Amino acid sequence: MSEQSLSVREAIIGRRSIKKFNGQPVDREDLMQIIDDAVWAPNHQNREPWRLVVACGKELFDLHELLRNMAIPKWKELTEETLEKQMQKFTTPGAYVFVIVPEDVRQKQRLEDYAAASIFIQNIQLLAWDYGIGACWKTPDFLDAPAFREALGVKQGERIISMLQLGYFDDLPKAVERKKAKEIVTIFGQLENNEEE
């Protein structure tokens, strides 16, 4: 485990979504420590409304096969070279974390649980960044496919909300400017554009 070196502000502002990984494996102990720390996300009534399916190490090969079958349905018709190129987005991450939440029939609890799990996912990304590990939160359509749910052991009343890819990278993506506070804040009691009522 590396010593924490980034301030909270540095981690939030410096983190980037990584989409091009270099194929270096993520150490399971590091990943488990990141998850151990990430669970301190605020969550309503301490429900901790998440469970994870994780792949890093040798189980990645089986996961790659599943992802190939789900994401590239006509893969058998492709040349080996074309298939390999299309699979790079799945084979270069060094780890995967699938975040599963309960789908409470009560809307308030369901939204609370989704919000809490989203904070948990952001915690994972920020903590991973401090280890020099990049991440990207993805939500491909196949997460809801019955065959994929079955392969991950997702139960009735649960939903996969994140396919989090993690790994090392060689190039840091350029920052995309974000809106400033003055563009998104309305002062209470004032209309938008700071017009008086």
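Refer to the structure above for everything that follows.
The structure presented is a predicted model; accordingly, all values stated were derived computationally and were not measured.

Quick word on the overall build of the chain
Thinking step 1. Regarding its fold elements, the chain presents seven helices and four strands.
Thinking step 2. Listing each helix as α and each strand as β along the chain from the N terminus yields α-α-β-α-α-β-α-β-α-β-α.
Thinking step 3. Counting only C-alpha atoms and orienting by the principal axes, one finds that the chain spans roughly 65 × 40 × 35 Å.
Thinking step 4. A total of 197 residues make up the chain; the buried ones form 37% of that total.
Thinking step 5. Of the roughly 12,900 Å² that the chain leaves accessible, carbon and sulfur atoms contribute 51%.
Thinking step 6. Here the chain contributes 26 positively and 32 negatively charged side chains, and the mean placements of these two sets differ by 4 Å.

Quick look at the environment of Glu 177
Thinking step 1. Looking at the secondary structure, you find Glu 177 in the loop between β4 (158-167) and α7 (181-184).
Thinking step 2. A distance of 3.2 Å separates the side chain of Glu 177 from the side chain of Lys 180, its partner in a polar contact.

Digging into the sheet that holds β4
Thinking step 1. The sheet built from four strands is open, its strands ordered β1-β2-β4-β3 with antiparallel pairing. The open sheet has two edge strands, β1 (51-55) and β3 (134-138), and neither has a second partner. Between one strand axis and the next, the sheet turns through 20° on average, direction left out of account.
Thinking step 2. With eight bridges joining them, strand β2 (residues 95-102) and β4 adopt antiparallel strand pairing.

Some words on the nonpolar core
Thinking step 1. The biggest cluster of nonpolar side chains holds 26 residues, and the ones touching the most others in it are Leu 31, Ile 133 and Leu 166.
Thinking step 2. For this core, the secondary structure elements donating two or more residues are α2 (28-38), β2, α5 (107-130) and β4.
Thinking step 3. Element by element, the count of residues in this core is highest for α5, at seven residues.
Thinking step 4. Beyond its immediate chain neighbours, meaning those up to four positions away, Ile 133 contacts Val 26, Ile 34, Ala 128, Leu 166, Gly 167, Tyr 168 and Phe 169.
Thinking step 5. Counting residues in hydrophobic clusters, the runner-up holds 19 residues, among them Met 87, Phe 142, Leu 143 and Ile 160.

Rules of the game
Residues numbered from 1 in each chain as written. Predicted model: local features only at pLDDT ≥ 70, side-chain atom pairs only at ≥ 80, totals over all residues. Heavy atoms only, no water. Helix = DSSP H or I, 4+ residues; strand = E, 2+ residues; numbered from the N terminus. Buried < 20%, exposed > 50% of the residue type's maximum accessible area, 1.4 Å probe, protein only. Areas by Shrake-Rupley, 256 points an atom, 1.4 Å probe, with all protein chains shown as cover. Lys, Arg positive; Asp, Glu negative; His and termini not counted. Charge placed at Lys NZ, Arg CZ, Asp CG, Glu CD. Polar contact = N/O pair within 3.5 Å; in protein donor to acceptor, adjacent residues only side chain to side chain. Pairing = 2+ DSSP bridges. Axes fitted to C-alpha atoms, helices over the stretch in contact; angles between N-to-C directions. Core = buried A, V, L, I, M, F, W, Y, C linked by side-chain atoms within 4.5 Å. Contact = heavy atoms within 4.5 Å.

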